[in-house]
Amino acid sequence: MEISRSLMDLFFGYNGRVGDVKGTKEGIAEFEQRAKTASTPEERARYAQAAKQLRTEILPQMQKEMEQLGKQLGLSSGDIGKVIKKDAEDLPELALKQQKSGVLSAITSYEKGSYYYNKT
């Protein structure tokens, strides 16, 4: 069975969101550092405001989407936030497995809009 397009969207969407969350956290740290070292009060305020907006408005939404996608893939809460690979042997609860031929397939059938769970 070849993997459905919607499940692949979950796989790549999740990994994309993990990268987005990591990049946003790095951006917040960079803006906070610049807010401390900027040469003018206006620049310090602008960088501080940017860091605050990223931390309070953007990052929580990204994390929420990442967690939702991770749950739909069957990841445990301890694994959410880690990049997953299609040949991940260390994630027994992952909804995807790579066959020897290289084709990704679902462990059990996936129903769009519902959370994956291991039926075995």
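Worth saying up front: this structure is predicted, and the values here are computed from it rather than measured. (Residues numbered from 1 in each chain as written. Predicted model: local features only at pLDDT ≥ 70, side-chain atom pairs only at ≥ 80, totals over all residues. Heavy atoms only, no water.)

## Considerations on the overall build of the protein
Spelled out, the test is: In this text, helices come from DSSP runs of H or I with a minimum length of four residues, and strands from runs of E with a minimum of two, each type numbered from the N-terminal end. Burial classes follow relative accessibility: with a 1.4 Å probe on protein chains only, a residue under 20% of its type's maximum area counts as buried, one over 50% as exposed, and anything between as partly exposed. The contact rule is simple, with two residues in contact once any of their heavy atoms fall within 4.5 Å.
Within the protein, the secondary structure is distributed over two helices and two strands. Along the protein, helices and strands appear, N-terminal first, in the series α-α-β-β. Here the protein, with 120 residues, has 34% of them falling under the buried criterion. Sequence separation of at least 24 residues holds for 52% of the intrachain contacts in the protein that already meet a minimum separation of 6.

## With respect to the nonpolar core
Formally: In plain words, nonpolar cores are sets of buried Ala, Val, Leu, Ile, Met, Phe, Trp, Tyr and Cys residues tied together by side-chain atoms within 4.5 Å.
Counting 15 residues, the largest nonpolar core has Y14, V21, M66, L73, L75 and I84 as its most contacted members. Taken together, the elements giving at least two residues each to this core come down to α1 (5-37) and α2 (41-72). No other element matches α1, which puts six residues into this core.

## Some thoughts on the environment of F12
Inspection of the secondary structure assignment puts F12 in helix α1. Separated by 57 residues in sequence, F12 and L69 place their C-alpha atoms 9.6 Å apart.

## Looking at α2
We count it as follows: Expected span, for any helix, means 1.5 Å times one less than how many residues it has. At any given residue, the bend is defined as the angle formed between two axes, one fitted to the seven residues that end at that position and one fitted to the seven that begin there.
Between its first and last C-alpha atoms α2 spans 45 Å; for 32 residues at 1.5 Å apiece the expected length is 46 Å, and the two agree. At I58, α2 shows its maximal kink, close to 40°; a proline, P60, follows between one and four residues later. Restricting attention to buried positions, one finds in α2 the residues Y47, A51, L54, L59, M62, M66, L69, G70 and Q72. Looking one or two residues beyond α2, the residue adopting positive phi is G74, at roughly 90°.

## A word on the confidence of the model for the protein
Keep in mind that low pLDDT regions are not for reading the predicted coordinates in detail. We apply this condition: The predictor attaches a confidence to each residue, and that confidence, scored 0 to 100, is pLDDT.
Considering every residue of the protein, the mean pLDDT works out to 78; 65% of them sit at 70 or more. The secondary structure element of the protein with the lowest average pLDDT is strand β2 (residues 104-106), at 56, and the one with the highest is α2, at 94. For residues 116-120, every residue scores under 50 in pLDDT, and the model assigns this stretch 13 contacts once sequence neighbours within four places are set aside.

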